[in-house]
Each structure stands twice: as structure tokens, then as C-alpha cells.
Amino acid sequence: RMKARPWVLAATTAAVAVAAAIGGSAWRRRHRDPVSYTQRFRIQVPRPLITRGHLFEMLDVRPGERILEVGPGTGYYSLSVADRLGPKGKLDILDIQPKMLRQTLRAARRRRAGNLVASCGSVEALPYRDGVFDGAFLVTVLGEVNDPAAALRELHRVVRPGGRLVVGETLADPDWVSPQSLHRLATAAGFRFERRSGPRLGYFSRFARP
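Residues numbered from 1 in each chain as written. Predicted model: local features only at pLDDT ≥ 70, side-chain atom pairs only at ≥ 80, totals over all residues. Heavy atoms only, no water.

Enquirer: I'm lost on helix α3 (residues 78–85) in this one. Help?
Expert: The α-helix winds at 3.6 residues per turn, so residues separated by three or four positions along the chain end up facing the same way. Within α3, six of the eight residues are buried, which leaves the element mostly enclosed by the surrounding structure. Turning to α3, its buried residues are Ser 78, Leu 79, Ser 80, Val 81, Ala 82 and Leu 85. The inward-facing, buried residues of α3 contact α2 (52–59), β1 (66–70), β2 (90–95), α4 (98–110), β3 (116–120) and β4 (133–139). (Buried < 20%, exposed > 50% of the residue type's maximum accessible area, 1.4 Å probe, protein only. Helix = DSSP H or I, 4+ residues; strand = E, 2+ residues; numbered from the N terminus. Contact = heavy atoms within 4.5 Å.)

Right, dumping it as C-alpha cells:
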């Protein structure tokens, strides 16, 4: 019986690994789910390309505004944004997982931040009136949504004319959304692209609500 040559075995192993990776990525695209509370460590790690500072530059938070954050996770960005809004401002945080919201609110209480309001719900059917927000943002969330187009239409509805939307993505996220895909979805929803900060592998894009 002939033995397989080592290079054949190596090539076969590599091909199987690539196929598994592609298949896994495709499966995740078909079965979009948010990061569960039990995996919250994934969203607590430092984010060198999509930093809080870069978010502040793009979102341009002003004291007294009302801002919406979709998918706050454990509050990595939430508390810093709430600080910038000041006591007369308001940060609404929305997540479909109550445990995530409770953890962010506990952190807010520890910092005596009283301007956070939590709502449990889906970004595809936001529980807010039309045009109530000065701006909205979501970071590494859009790829987890079953219908990203519907989510962006809803965000367009609740952000006031003249307001803005900031979306952050990183290639380290298995549900990464490319800048091109984001641009296409956001403009189809009625937003106007303004600018992008950072490379493809970790970026923020800002859109205006005409």
C-alpha cells in the first residue's frame, strides 16, 4: 500500500481548514446572532483601531444632546459618551439582551451617571418616535442584525434631520461589515455619507441625516 506524500497531506489539511473557515463564515452570515452575555469578554477587550477617542471625533458629542447607542454590550463606549453629554443630555441604550443592559446600568450607577436610559428591543423595530435623536451610533453590531437594511431604515427614522449616524466595524469581528457594504446600505436607507476614519480593518463611518 502506497503512503501519501507529506506535501499531499499538508495540502489536504490546509484545504480542509480553509473550507471550514469559509463555511463557518458563511454559516455565521446566515445565522446572525448577537454576542451572548456569557461571551461578554469578547467585547471588553481593548479596541486599538476603533477607540473611544476616534468615536468622539466622528460622533462629535455635544452637551445637552440626546444620543442613541444600539448594542452597548457592557458599556465600553456608553459611559464615556454619557459623560460628554452632561447632566442635561441623555444617552438611550438599546439592546435585545436585558443582562447586557443591566450590566451597563450597574456600571453607570457606580460612576453616578444619571443620564442613561435603557430599553430592551430590536434595532429593526425601534421603540422611539420619529426624529427624537440628535445622533446615533453602533459599534460591531450591524453584522449581527438579521436585517441590516431594516435596521438602518429605523435609525434614519428616529434620527432628526440634520443629525448623524456613526457606525464602527473591525475585521477582528466575525460579523464584520465592509465600508463598501455599509455605504451601500446606509445610502439606500436615506443617509448621506460624510467621512470615514481608519483603515478597512478597523474604521468608523459617519453619515448625515438629510
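Enquirer: Where do I start with the pairing of strand β7 (residues 202–208) in this structure?
Expert: Looking along a regular strand, one sees side chains alternate from face to face of the sheet. For β7, the tally of buried residues reaches seven of seven residues, placing the bulk of the element in the interior. Burial of β7 is two-sided: the residues Gly 202, Phe 204, Arg 206 and Ala 208 facing one way and the residues Tyr 203, Ser 205 and Phe 207 facing the other way are all buried. As judged from the seven bridges shared by strand β5 (residues 159–170) and β7, these two strands associate in the antiparallel manner. The partner of Leu 165 across the bridge, within β7, is Phe 207. Across five bridges, strand β6 (residues 192–197) lies against β7 in antiparallel orientation. Paired with Arg 192 across the strands is Ala 208, a residue of β7. Between the end of β6 and the start of β7, which pair antiparallel, lie four residues, with Gly 198 showing a positive phi angle near 100°. (Pairing = 2+ DSSP bridges.)

Enquirer: Just checking my understanding: could you explain the pairing of β3 for this structure?
Expert: Bridge count for β2 against β3 is five bridges, and the pairing is parallel. Each bridged residue has a counterpart across the sheet, and for Asp 95 the counterpart in β3 is Cys 120. Between the parallel elements β2 and β3, the chain passes through α4 in a crossover that is right-handed. (Right-handed = clockwise from strand over helix to strand, strands pointing away.)

Enquirer: Help me understand the packing of α2 against α3 in this model?
Expert: Any two packed helices are characterised by the angle at which their axes cross and by the distance between the axes. Interaxial distance between α2 and α3 falls to 11 Å at its minimum, and their mutual angle equals 45°. Classified by the interaxial angle, the pair formed by α2 and α3 is oblique. Between α2 and α3 lies a crossing of right-handed hand. Contacts from Arg 52, Leu 55 and Phe 56 in α2 reach Ser 80, Val 81 and Arg 84 in α3. A per-class count over the contact of α2 with α3 returns three nonpolar, one polar and two charged. (Axes fitted to C-alpha atoms, helices over the stretch in contact; angles between N-to-C directions. Parallel < 35°, antiparallel > 145°, perpendicular 65-115°, else oblique. Left-handed = near helix turned anticlockwise from the far one by under 90°. Nonpolar A, V, L, I, M, F, W, Y, C, P; charged D, E, K, R; others polar.)

Enquirer: Mind showing me how you'd approach the nonpolar core here?
Expert: Leu 68, Val 70, Leu 126, Tyr 128, Leu 138, Leu 155 and Leu 165 are the most contacted members of the largest nonpolar core, which totals 29 residues. Those elements that place two or more of their residues in this core are β1, β4, α5 (148–158), β5, α6 (179–189) and β7. In this structure, Tyr 128 is in contact with Arg 66, Leu 68, Asp 92, Ile 93, Leu 94, Ser 119, Phe 133, Arg 157 and Val 158, ignoring residues within four places of it in sequence. Core analysis: the second largest hydrophobic core is formed by 24 residues, Leu 55, Phe 56, Val 81 and Ala 108 among them. (Core = buried A, V, L, I, M, F, W, Y, C linked by side-chain atoms within 4.5 Å.)

Enquirer: How should the packing of aromatic side chains be read in this particular structure?
Expert: Pairs of aromatic rings are described using the distance from one ring centre to the other and the angle between the two planes. Using the criterion set out here, one finds three aromatic pairs in the structure. A ring pair is formed by Tyr 76 and Tyr 77, whose centres lie 4.8 Å apart and whose planes are at 80°; its orientation type is edge-to-face. An angle of 65° between the planes, with centres 5.6 Å apart, marks the rings of Phe 193 and Phe 207 as edge-to-face. Here Phe 193 is found in strand β6, whereas its partner Phe 207 is found in strand β7, with 14 residues between them in sequence. Of the residues examined, Phe 193 reaches a relative accessible area of 33% and is grouped as partly exposed. Judged by relative accessible area, Phe 207 falls into the buried class, the value being 1%. (Phe/Tyr/Trp six-rings, centres within 6.5 Å; stacked < 30°, edge-to-face > 60°.)

Enquirer: Help me out: how do you make sense of the packing of α5 against α6 in this one?
Expert: In contact at an axis separation of 8 Å, α5 and α6 are set at 50° when each is read in the N-to-C sense. Comparing the axis directions of α5 and α6 gives the class oblique. In terms of crossing hand, the pair formed by α5 and α6 is right-handed. Residue-level inspection shows Pro 148, Ala 149, Leu 152, Arg 153 and His 156 of α5 in contact with α6, the latter providing Leu 185, Ala 186 and Ala 189.

Enquirer: Could you clarify how one ought to interpret a nonpolar patch on the surface in this entry?
Expert: Among the surface-exposed residues, Leu 49, Leu 171 and Leu 201 lie close enough to one another that they form a single nonpolar patch of about 260 Å² accessible area. You can see Leu 201 is positioned in the loop between β6 and β7. (Patch = residues over 30% accessible without salt bridge, like charges linked within 9 Å, V, L, I, M, F, W, Y side chains within 5 Å. Areas by Shrake-Rupley, 256 points an atom, 1.4 Å probe, with all protein chains shown as cover. Salt bridge = Lys/Arg side-chain N within 4 Å of Asp/Glu carboxyl O.)

As far as function goes, none of this settles anything; it's purely spatial.
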